[in-house]
Amino acid sequence: MLKAMGMAKDAGFLKHKRITNHSVRKLLVQKLRNANIPPTETMAITGHKNVQSITNYSNISVEQQQK
C-alpha cells in the first residue's frame with residue numbers, strides 16, 4: 001500500500017484526492033499535452049476516439065493546479 005501511495009505522489013496526484021481510472025487518464029492527457037505530444041499520439045496512448053474528448057480536459061496544467 002505504501003508503495004502505491006509513493007507512486008501516486010510521484011505521478012503528481014495530490015494526497016487527499018481519490019484516484020480513479022478517470023483521474024489517471026486525465027492526468028496522463030494533461031502531462032502529454034504539457035510535453036507537447038500531438039493530440040493524435042495522445043489519443044493512440046490513451047485510447048480516446050476523437051480529439052474533442054481529450055480537449056475537454058482542463059487547459060490548466062497539473063503544476064498550475066497544485067499551486
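As annotated in an unreviewed UniProt entry, the protein chain carries the name Tyr recombinase domain-containing protein and comes from Dreissena polymorpha.

**Some details on the environment of Ile54**
Tracing the sequence through the fold places Ile54 in helix α4 (residues 51-55). Along the primary structure Ile54 and Met43 are separated by eleven residues, whereas in three dimensions their C-alpha atoms are 7.5 Å apart. The residues contacting Ile54, other than those within four sequence positions of it, are Val29, Arg33, Pro39, Thr42, Met43, Thr46 and His48.

**Some points on the packing of helix α2 (residues 21-34) against helix α3 (residues 39-46)**
Closest axis-to-axis distance for the α2/α3 pair is 10 Å, and the angle between their directions is 150 degrees. By the angle class used here, α2 and α3 are roughly antiparallel. Taken as a pair, α2 and α3 cross one another with a handedness that is right-handed. Facing α2, whose interface residues are Arg25, Leu28, Val29 and Leu32, α3 presents Thr42, Ile45 and Thr46. Taken together, the residues that form the contact of α2 with α3 break down as four nonpolar, two polar and one charged.

**Remarks on the side chain of Thr42**
Within the element layout of this structure, Thr42 appears in helix α3. When neighbours within four sequence positions are excluded, Thr42 is seen to be in contact with Val29, Leu32, Ile37 and Ile54.

**Details of the environment of Thr55**
When you line up the elements, Thr55 lands in helix α4. For the pair Thr55 and Pro39, spaced 16 residues apart in sequence, the C-alpha to C-alpha distance is 8.6 Å. A distance of 3.0 Å separates a polar side-chain atom of Thr55 from the backbone oxygen of Gln52.

Parameters and conventions
- Residues numbered from 1 in each chain as written.
- Predicted model: local features only at pLDDT ≥ 70, side-chain atom pairs only at ≥ 80, totals over all residues.
- Heavy atoms only, no water.
- Helix = DSSP H or I, 4+ residues; strand = E, 2+ residues; numbered from the N terminus.
- Contact = heavy atoms within 4.5 Å.
- Axes fitted to C-alpha atoms, helices over the stretch in contact; angles between N-to-C directions.
- Parallel < 35°, antiparallel > 145°, perpendicular 65-115°, else oblique.
- Left-handed = near helix turned anticlockwise from the far one by under 90°.
- Nonpolar A, V, L, I, M, F, W, Y, C, P; charged D, E, K, R; others polar.
- Polar contact = N/O pair within 3.5 Å; in protein donor to acceptor, adjacent residues only side chain to side chain.

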